[in-house]
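The primary structure of each chain is shown beneath.
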Number of protein chains: 2
Amino acid sequence: MIEIERKFLVKNETFKNEVFKKTTIKQGFLNSNKKRTVRVRLTDEQGFITVKGISSKDGLSRFEWEKEISKNEAEALFNLCEKGMIEKTRYLIKVENHTFEVDEFYGENEGLIIAEIELNHATELFAKPIWLGEEVTGNIKYYNSQLSKHPFKTW
Amino acid sequence: MIEIERKFLVKNETFKNEVFKKTTIKQGFLNSNKKRTVRVRLTDEQGFITVKGISSKDGLSRFEWEKEISKNEAEALFNLCEKGMIEKTRYLIKVENHTFEVDEFYGENEGLIIAEIELNHATELFAKPIWLGEEVTGNIKYYNSQLSKHPFKTW
């Protein structure tokens, strides 16, 4: 399917007062090429393998295919991933009729907090909470596949 | 899991008299790096996504993880694959207590026929049918991931 997403920096940690769900995420890449990424993810409860295509020119939409796998399978596939695993906490926050996913990164990406919102179409309106900062949709350096190779602390 | 396989060229087409199963296979690669390949496969009946690791030094064993996916999912993922799809017919042939998989390639790899046998351990004995030719176990140019980039007809 095609996903439409917008991505923003986060100004401060006040979003943490509004969280309704929280999970830790560890992920690595079997391919971090911009044309096709293959990601292995482990959350508190599940594993996933996810394939994403190249982004549209406006950076908004991207083919995404995902399959749930066991946590053990995810751990086994981590051994094959490229160097540079990503570790983060994901917070879910409901703002009116949308849900923001806010990722707080650790390790080599400590200090980076990114919010994403999934939309039904490219021009859909949504409420912007006060903690939402600069938009970085389509900026490749904020892709997780790039953060694994060129982490925030090295910028 | 770790797979132990030996791979051989095939001398002639007499193997076709002994086939008990036959399927067409189309496959592409989301990553054809030797350290980790990610393959998408479509057979007559099923789709698969398969991740393989680097081969052992003797070329015999390799980590392999595979998940069945729908035929539609495989078709969708083909759009993201690297250039150089592989098309082949796979014949299954029972020789005493082992099964050979014989792949007859088409397109840019026409003329190439390869037989593989899966073993339980590296030194396991097996009967060699008369059509079995030179062993090419561990020879990287016969990997499907390499045949997709450097096909047989260009050798």
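The structure displayed is predicted, hence computed values, not measured ones.

Novice: I would appreciate a short explanation of the environment of Ile86 of chain A in the present structure.
Specialist: Assignment of secondary structure puts Ile86 of chain A in strand S6 (residues 86–95). The residues contacting Ile86 of chain A, other than those within four sequence positions of it, are Ile25, Lys26, Gln27, Phe105, Asn109, Asn144, Leu147 and Ser148 of chain A.

Novice: Would you mind going over the interface of chain B and chain A with me for this structure?
Specialist: As a measure of interface size, the accessible area lost when the parts come together is often cited. Across the boundary between the two partners, chain B contributes 19 residues, which contact 19 residues of chain A. With both sides pooled, the region where chain B packs onto chain A buries about 1,700 Å², and carbon together with sulfur makes up 70% of that total. If you sort the residues of chain B by the area they bury against chain A, Arg36, Trp65 and Leu80 of chain B come out on top, with a joint share of 35%. The tally of links between chain B and chain A comes to 2 salt bridges. With its nearest N and O atoms 3.7 Å apart, the salt bridge here joins Glu73 of chain A to Lys67 of chain B. Joining chain B to chain A, the criterion identifies 6 residue pairs in polar contact (both at pLDDT 80 or more). Looking at the side of chain B that touches chain A, the element that brings in the most residues is strand S5 (residues 61–69) of chain B, giving 5 residues.

Novice: I keep staring at the relation of the copies chain B and chain A and nothing clicks. Help me out?
Specialist: One chain copy maps onto the other through a rotation about an axis and a shift parallel to that axis. By a simple turn and slide, chain B fits onto chain A: the slide is 0.0 Å along the axis, the RMSD is 0.0 Å, and the turn is 180°. Accordingly, the operation relating the two chain copies is best matched by a two-fold axis. The position closest to the rotation axis in chain B is occupied by the C-alpha of Asn31 of chain B, lying 3.1 Å away. Counting the interface residues of chain B, we find that 100% of their copies in chain A are interface residues as well, pointing to one common contact surface.

Novice: Would you mind going over the pattern of salt bridges with me for this structure?
Specialist: It is possible for side chains bearing opposite charge to pair when their charged atoms get close. One pass over the full model with this rule turns up 20 salt bridges over all chains. Among the ionic pairs, Arg90 of chain A bridges to Glu101 of chain A, the shortest N-O distance being 3.3 Å. Of this pair, Arg90 of chain A sits in strand S6 while Glu101 of chain A sits in strand S7 (residues 98–105), placing them 11 residues apart in sequence. Exposure remark for Arg90 of chain A: the relative accessible area of 11% places this residue in the buried category. Lys52 of chain B is paired through a salt bridge with Glu64 of chain B; the nearest N and O atoms lie 3.6 Å apart. Taken together, the residues span a long stretch of sequence, with Lys52 of chain B in strand S4 (residues 47–55) and Glu64 of chain B in strand S5 at a distance of 12 residues. Judged by its relative accessible area of 16%, Lys52 of chain B falls in the buried class. By relative accessible area, which is 14% here, Glu64 of chain B ends up buried. Several salt bridges share partner residues, and in doing so they unite Lys88, Arg90, Glu101 and Asp103 of chain A into one network.

Novice: Would you take a moment to explain the nonpolar core for this structure?
Specialist: Note on soluble globular proteins: their nonpolar side chains tend to be buried together. Ranked by size, the top nonpolar core spans 28 residues in total, and within it Leu30 and Ile49 of chain A together with Leu30 and Ile49 of chain B carry the most contacts. Those elements giving two or more residues to this core turn out to be strand S3 (36–43), strand S4 (47–55), strand S5 (61–69) and helix H1 (71–78) of chain A together with strand S3 (36–43), S4, S5 and helix H1 (71–78) of chain B. In contact with Ile49 of chain A, other than residues within four places in its own chain, are Leu30, Val38, Arg39, Trp65, Glu66, Lys67 and Ile69 of chain A together with Ile49, Val51 and Trp65 of chain B.

Novice: Explain the UniProt feature "domain: CYTH" (unreviewed entry) in chain A to me, please; I cannot follow it from the model alone.
Specialist: UniProt feature "domain: CYTH" (unreviewed entry): in the numbering of this structure it lies at residues 1–149 of chain A. Taken end to end, residues 1–149 of chain A is 8% helix and 53% strand, and its first and last C-alpha atoms sit 27 Å apart.

Novice: Sorry if this is basic, but what is going on with H1 of chain A here?
Specialist: Since the α-helix turns once every 3.6 residues, residues separated by three or four places project in the same direction. For H1 of chain A, the complete set of buried residues consists of Glu73, Ala74, Leu77 and Phe78 of chain A. One face of H1 of chain A carries all of its buried residues, which in axial projection span an arc of 145°. Summarising the contacts, the buried residues of H1 of chain A are in contact with strand S2 (19–33), S3, S4 and S5 of chain A together with S4 and S5 of chain B.

Novice: I keep staring at the side chain of Ser148 of chain B and nothing clicks. Help me out?
Specialist: All names here are of chain B. Assignment of secondary structure puts Ser148 in the segment after helix H2 (144–147). For Ser148, a relative accessible area of 10% gives the class buried. Here the side chain of Ser148 touches Ser145 through a polar contact of 2.9 Å, landing on its backbone oxygen. Non-local contacts of Ser148, meaning those with residues more than four positions away in its chain, are made with Phe29, Lys83, Gly84 and Ile86.

Novice: Is there a simple way to explain the side chain of Thr37 of chain B in this structure?
Specialist: The topology assignment puts Thr37 of chain B in strand S3. What Thr37 of chain B contacts, discounting residues up to four positions off in sequence, is Phe29, Asn31, Ser32, Thr50, Val51, Lys52, Arg62 and Ser145 of chain B.

Novice: For this particular structure, what's the right way to read the pairing of S5 of chain B?
Specialist: Taken residue by residue, a regular strand's side chains alternate between the two faces of the sheet. Residue and element names in this part refer to chain B. Both strand S1 (residues 2–10) and S5 contribute to a ladder of 3 bridges, which runs antiparallel. In the strand pairing of S5, Ile2 is matched with Phe63. Summarising the sheet, S4 and S5 pair through 7 bridges and their orientation is antiparallel. For Ser55, the partnering residue across the bridge sits in S5 and is Arg62. Between the antiparallel neighbours S4 and S5 lie 5 residues, among them Gly59 with a positive phi of about 75°.

What counts and how
Residues numbered from 1 in each chain as written. Chains lettered and ligands numbered in written order. Predicted model: local features only at pLDDT ≥ 70, side-chain atom pairs only at ≥ 80, totals over all residues. Heavy atoms only, no water. Helix = DSSP H or I, 4+ residues; strand = E, 2+ residues; numbered from the N terminus. Contact = heavy atoms within 4.5 Å. Buried area = accessible area lost by both parts, 1.4 Å probe. Salt bridge = Lys/Arg side-chain N within 4 Å of Asp/Glu carboxyl O. Polar contact = N/O pair within 3.5 Å; in protein donor to acceptor, adjacent residues only side chain to side chain. Least-squares fit on C-alpha atoms with pLDDT ≥ 70 in both. Buried < 20%, exposed > 50% of the residue type's maximum accessible area, 1.4 Å probe, protein only. Core = buried A, V, L, I, M, F, W, Y, C linked by side-chain atoms within 4.5 Å. UniProt positions renumbered as here; feature names shortened; annotations may be inferred. Arc of directions from axis to C-beta. Pairing = 2+ DSSP bridges.

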